[in-house]
Structures are given as structure tokens and as C-alpha cells.
Amino acid sequence: MANAATLCMHHAALPAAALPNCSERSAASFQSVEPAAVMLDAHIDIDEEFFNLTYLHRSPDVILVDQFLSRQECESIVSRARNKGLSLSPVAYAGWTQDAQELLKLAAGGPAVWLALARVWMVNGDVGGLSRTEMIVQAGSTWALAMAAIGGMVALYTQQRIKQLQSMRTSTSTTLDGTGLGDAALVRRAMQLLKSDWRTFEAPTVIHYDPGQKLAPHFDANRAATVEDATRGGQTLCTLLVYCNDVQESDGGATVFNRLGFSVRPKQGQALLFFPATKEGAFDERVEHEGAPAKTEKWVARIWRHQDRVTPPYGLPDHYNFE
Ligand SMILES: O=C(O)CCC(=O)C(=O)O
Ligand SMILES: [Fe+2]
């Protein structure tokens with residue numbers, strides 16, 4: 001089965017880790033320089049009374065739920081994933097449609113027009129006295145040829161970009177069907193905490209990092225979600241990660257929020273919840289994050305809550321029964 005959970009990465013993610021003093025930027029100072037913060041804070045409604053829920057950060061809201069899953073549930077998730085087998089985590093080039101459109105628009109008004117005019121000028125110089133219709137035909141066909149060639153170059157660039165992004169995620173992963181002891185508990189509790197129907201969830205994804213593996217800074221939402229995520233339920237509104245094993249402080253492997261200046265160390269059974277987009281689907285770049293390389297292995301289970309029904313193979317099947 002196609003692995004449902006591709007990771008959305010965009011070139012905008014690249015310089016983020018290198019933002020000057022980004023780790024020292026406090027929430028308060030961020031709010032004062034970001035007037036749109038209040039609008040961006042309007043994430044989906046959650047169950048604030050959920051057992052063990054604490055706020056790690058406000059605006060943007062980042063939440064921890066201790067003992068979200070039990071040790072047995074975590075172990076069950078890991079062993080089901082191992083039995084199924086994991087493969088290199090897929091990465092999506094989020095925003096490629098926008099980038100390609102922009103490049104083509106630039107070319108259509110610039111280089112393609114210059115080439116068309118140059119061709120008319122040359123042909124006119126060679127044969128002389130081109131009629132107006134002949135000039136239009138010459139210019140039009142040259143413009144179309146130039147656009148086709150530029151389209152090919154944009155496609156090549158997009159392929160290169162996907163390869164480059166893939167090298168930034170070296171973990172392996174797989175999806176579970178939500179019927180094992182641990183993954184069923186994950187879906188059930190996610191439904192309560194997020195006050196959401198399982199139909200808006202991607203199938204639970206299990207991510208495994210071997211020592212040294214990592215996930216570079218990225219956003220889970222996609223600025224071009226309406227086009228690129230149309231077949232997987234639209235925008236990612238919420239990310240729920242559950243750490244399935246402990247990683248000691250000195251061993252790295254934290255989930256790092258560079259722009260917010262803090263990180264979360266993996267603790268078995270603990271859930272980390274944040275909102276890559278508002279309930280309306282507006283992209284929130286403040287919650288850019290990364291999975292830092294660990295010296296030991298690290299296991300994470302993840303549910304992405306989308307805007308609409310996530311149909312199979314990305315989501316759970318119609319006959320899924322969470323009871
Ligand atoms: O492994 C982590 O700490 C982060 C994982 C993550 O961000 C993702 O899977 O989208
Ligand atoms: Fe992520």
C-alpha cells in the first residue's frame with residue numbers, strides 16, 4: 001500500500017533553523033511582531049479537560065498529554081510496525097504547484113516573449129517584409145516552443161527538489177490500520193482529545209529513527225493544500241505525536257520548535273499536540289519543527305487530523321470500527 005503519510009516540506013523551511021537568535025525569541029516578543037497571531041491561534045476546538053493535559057506554549061498552542069498511551073500500548077505499536085515492516089519515510093514537496101505556476105508565469109511574460117520577438121526580428125531580417133499575420137504566427141509558435149522547453153525545465157527542477165528534500169528525512173515509517181491494541185487506543189483517544197471523527201484522520205503512522213537519523217525543519221501543513229492535498233482530506237489542521245520510547249536528554253532526538261525556542265524530549269506514552277494550520281486551514285509557520293538526530297533509536301506514532309474525510313489508502317477504511 002502507498003504509505004499515506006508523506007511529509008510536507010518546502011524551501012521556506014530551509015533557512016528557518018538558521019534564523020538569527022530564533023531560539024531566543026520569546027512567545028511574547030513573537031506576538032508583538034506578529035499581528036496575525038490572534039487569527040492564527042484559532043485552531044480546532046479540543047477537549048481542554050482531557051486527563052493530564054498541560055500547555056507547553058500559548059499562541060501558538062503546543063500541548064503535552066502525559067501518559068496518553070500506556071507502556072503496553074506503545075510496545076504494541078512498535079511491534080506491529082516492526083512486523084509490518086518500515087520503509088524510507090516519504091516526503092512531499094509542499095507548494096510545488098505554486099512554485100511551478102510562479103516560474104511559468106515569469107517565463108511567459110519574460111524569456112518566452114523575448115525569444116518570440118527575437119525570432120520575428122531574425123526571420124524578418126532573413127526574408128524581409130513579413131506580413132502582420134506571418135509575424136504573429138512566427139511569434140506565437142516560438143513562444144509556445146519556448147514555454148514547452150521551460151515547462152520541461154520546471155519539471156526537472158521539481159524532481160531535483162523532491163530528491164533534495166528526501167535527503168532531509170532519513171527515518172523509516174509505516175502506517176497501521178487502527179486495529180491493534182496500541183493503534184486502536186491512539187485513534188480512540190485522538191477522537192476524544194481532538195473532538196474529531198476518525199474519518200478526518202490519516203491512518204496512524206509509525207516513525208522509526210535509527211541512531212543518527214533525522215527529520216529536518218519543516219511544516220506539517222501545506223500552503224497549497226487545496227490543490228496538493230485535495231485527495232487526502234485537505235489541509236493538516238493538527239499534529240498529534242506520541243513518543244513510543246524514552247530518549248535520554250543527553251541522547252538528543254528531541255522534537256525541536258526552532259522559532260518558539262524550545263524542544264520536547266521523547267518520553268514513552270507522552271503526546272505532543274500542535275496546530276500546523278487554523279481550523280479554516282490557514283498555514284501557521286510559527287510551528288515549524290524538526291526531529292533532531294538521536295544517539296539511540298526513537299519511535300513515534302503520529303496522527304494528522306485533516307479538514308475533511310481522508311479516504312483510503314491515506315485514511316482508514318469505510319468499515320473501520322474504533323470500538
Ligand atoms: O519525530 C519527531 O520528533 C517529529 C516528527 C514530525 O514532525 C513528523 O512526523 O511530522
Ligand atoms: Fe512534522
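None of the values given here were measured: they were computed from a predicted structure. (Residues numbered from 1 in each chain as written. Chains lettered and ligands numbered in written order. Predicted model: local features only at pLDDT ≥ 70, side-chain atom pairs only at ≥ 80, totals over all residues. Heavy atoms only, no water.)

**Q** When you look at the overall build of the protein in this model, what are you seeing that I'm missing?
**A** The helix and strand tally for the protein stands at eight helices and 14 strands. Sequence-distant contacts in the protein: of pairs separated by 6 or more residues, those separated by 24 or more amount to 82%. When the accessible area of the protein is evaluated, it comes to approximately 15,000 Å², of which 57% is carbon and sulfur surface. (Helix = DSSP H or I, 4+ residues; strand = E, 2+ residues; numbered from the N terminus. Contact = heavy atoms within 4.5 Å. Areas by Shrake-Rupley, 256 points an atom, 1.4 Å probe, with all protein chains shown as cover.)

**Q** Sorry, what's going on with the packing of aromatic side chains here?
**A** Geometry of an aromatic ring pair is reported as the spacing of the ring centres plus the angle between the planes. Summed over the entire model, instances satisfying the criterion amount to five aromatic pairs. Feature note: the residues Phe 257, Phe 262 and Phe 274 constitute an aromatic cluster, connected by ring pairs. The positively charged end of Arg 302 is found above the aromatic ring belonging to Trp 304, 3.6 Å away from the centroid. (Phe/Tyr/Trp six-rings, centres within 6.5 Å; stacked < 30°, edge-to-face > 60°. Lys NZ or Arg CZ within 6 Å of the ring centre and 35° of its normal.)

**Q** Teacher, can you tell me more about the site of ligand 1 here?
**A** In the vicinity of ligand 1 lie 15 residues, with Tyr 209, Thr 255, His 289, Lys 298 and Arg 302 positioned nearest. For ligand 1, an oxygen atom lies 2.5 Å from a polar atom in the side chain of Thr 255. Within the side chain of His 289, an N or O atom sits 2.9 Å from an oxygen atom of ligand 1. For ligand 1, the cavity whose grid points lie within 2 Å of the majority of its atoms is the largest cavity. It is strand 14 (residues 298-306) that contributes the most residues to the shell around ligand 1, four residues altogether. Looking at the shell around ligand 1, its residues break down into seven nonpolar, four polar and four charged. (Near = heavy atom within 4 Å. Polar contact = N/O pair within 3.5 Å; in protein donor to acceptor, adjacent residues only side chain to side chain. 1 Å grid on protein atoms, 1.4 Å probe; cavity = no way out; pocket = protein on both sides within 12 Å on 5 of 7 lines; lining within 4 Å. Sits in = over half its atoms within 2 Å of the grid points. Nonpolar A, V, L, I, M, F, W, Y, C, P; charged D, E, K, R; others polar.)

**Q** Would you explain the coordination of the iron ion (ligand 2) in this entry?
**A** Put simply, the ideal angle at a metal is 109.5 degrees for four donors in tetrahedral geometry and 90 or 180 degrees for six donors in octahedral geometry. Looking at the iron ion (ligand 2), the protein donor atoms are His 218 (NE2), Asp 220 (OD) and His 289 (NE2), and they sit 2.1 to 2.2 Å from it. Judged by its relative accessible area of 3%, Asp 220 is buried. (Donors = N, O, S within 2.8 Å, 3.2 Å for Na, K, Ca; no water. Buried < 20%, exposed > 50% of the residue type's maximum accessible area, 1.4 Å probe, protein only.)

**Q** Could you clarify how one ought to interpret empty space enclosed by the protein in this entry?
**A** Taking a probe equal in size to a water molecule and rolling it over the atoms shows the remaining empty space. Inspection of every chain in the model, using the stated rule, returns three cavities of 30 Å³ or more. Estimates place the volume of the largest cavity at around 140 Å³. Around the largest cavity, the lining comprises 18 residues; the ones closest to its centre are Tyr 209, Leu 215, His 218, Leu 241 and His 289. Going through the elements one at a time, strand 7 (205-209), strand 8 (215-218), strand 9 (236-243), strand 13 (289-291) and strand 14 are the ones with two or more residues in the lining of the largest cavity. Among the elements that line the lining of the largest cavity, the one with the most residues is strand 14, at four residues. Taken together, the residues of the lining of the largest cavity sort by class into eight nonpolar, five polar and five charged. (Points joined across faces, edges and corners; volume = space filled by probe spheres on them.)

**Q** Explain the confidence of the model for the protein to me, please; I cannot follow it from the model alone.
**A** Reading fine detail from the predicted coordinates is not recommended where pLDDT is low. Chain-level statistics for the protein give a pLDDT mean of 85 and a share of 89% at 70 or above. Segment residues 1-5: pLDDT under 50, and 18 contacts once partners within four positions in sequence are set aside and those in other chains are kept. Contacts of residues 10-33 to residues separated by more than four positions or lying in other chains number 41 contacts, the stretch itself having pLDDT below 50. (pLDDT = per-residue confidence, 0-100.)

**Q** Looking at this structure, I do not really get the UniProt feature "transmembrane region" (unreviewed entry) in the protein. What am I missing?
**A** UniProt marks residues 140-158 with the feature "transmembrane region" (unreviewed entry), using the numbering shown here. Between the C-alpha atoms that bound residues 140-158 there is a distance of 27 Å. The span itself is 100% helix and 0% strand. (UniProt positions renumbered as here; feature names shortened; annotations may be inferred.)

**Q** Hey, could you run me through the sheet that holds strand 12 (residues 271-274) in this one?
**A** Whenever strands of a sheet pair, they do so through backbone hydrogen bonds, lying parallel or antiparallel. Strand order in this open sheet of eight strands is 2-3-12-9-14-7-6-4, and the pairing throughout is antiparallel. Every other strand in the sheet has two partners, leaving strand 2 (53-57) and strand 4 (87-88) as the edge strands with one partner each. Pairing of strand 7 with strand 14, which is carried by five bridges, proceeds in the antiparallel orientation. When the bridges of strand 14 are listed, His 208 appears paired with Trp 299. (Pairing = 2+ DSSP bridges.)

**Q** I tried to follow a nonpolar patch on the surface on my own but got confused; where do I start?
**A** A cluster of nonpolar side chains, contributed by Leu 103, Leu 106 and Tyr 157, occupies part of the molecular surface with about 300 Å² of accessible area. Mapped onto the fold, Leu 106 is located in helix 4 (residues 96-109). Taking relative accessible area as the criterion, Leu 106 reaches 63% and is therefore assigned exposed. (Patch = residues over 30% accessible without salt bridge, like charges linked within 9 Å, V, L, I, M, F, W, Y side chains within 5 Å. Salt bridge = Lys/Arg side-chain N within 4 Å of Asp/Glu carboxyl O.)

**Q** Mind showing me how you'd approach the nonpolar core here?
**A** Nonpolar side chains tend to gather and get buried jointly when the protein is soluble and globular. Phe 68, Leu 186, Leu 193, Leu 194 and Leu 273 are the most contacted members of the largest nonpolar core, which totals 41 residues. Considering every element that reaches this core, the biggest residue donor is helix 7 (residues 181-193), with six residues. Among the nonpolar cores identified, the runner-up in size contains 15 residues, and Phe 257, Leu 260, Val 264 and Val 300 belong to it. (Core = buried A, V, L, I, M, F, W, Y, C linked by side-chain atoms within 4.5 Å.)

**Q** Whenever I open this one, unusual backbone geometry confuses me. Can you help?
**A** Leaving glycine out, the prevailing phi sign among residues is negative, and the prevailing peptide bond configuration is trans. Of note, the amide linkage connecting Ser 59 to Pro 60 takes the cis form, showing an omega dihedral of 0 degrees. Between Pro 312 and the following residue, Pro 313, the backbone shows a cis peptide bond with an omega angle of 10 degrees. Turning to its location among the elements, Pro 313 is positioned in the segment after strand 14. Positive phi, close to 50 degrees, is recorded for Gln 67, a residue that is not glycine. In this fold, Gln 67 is placed in the loop between strand 3 (62-65) and helix 3 (71-84).

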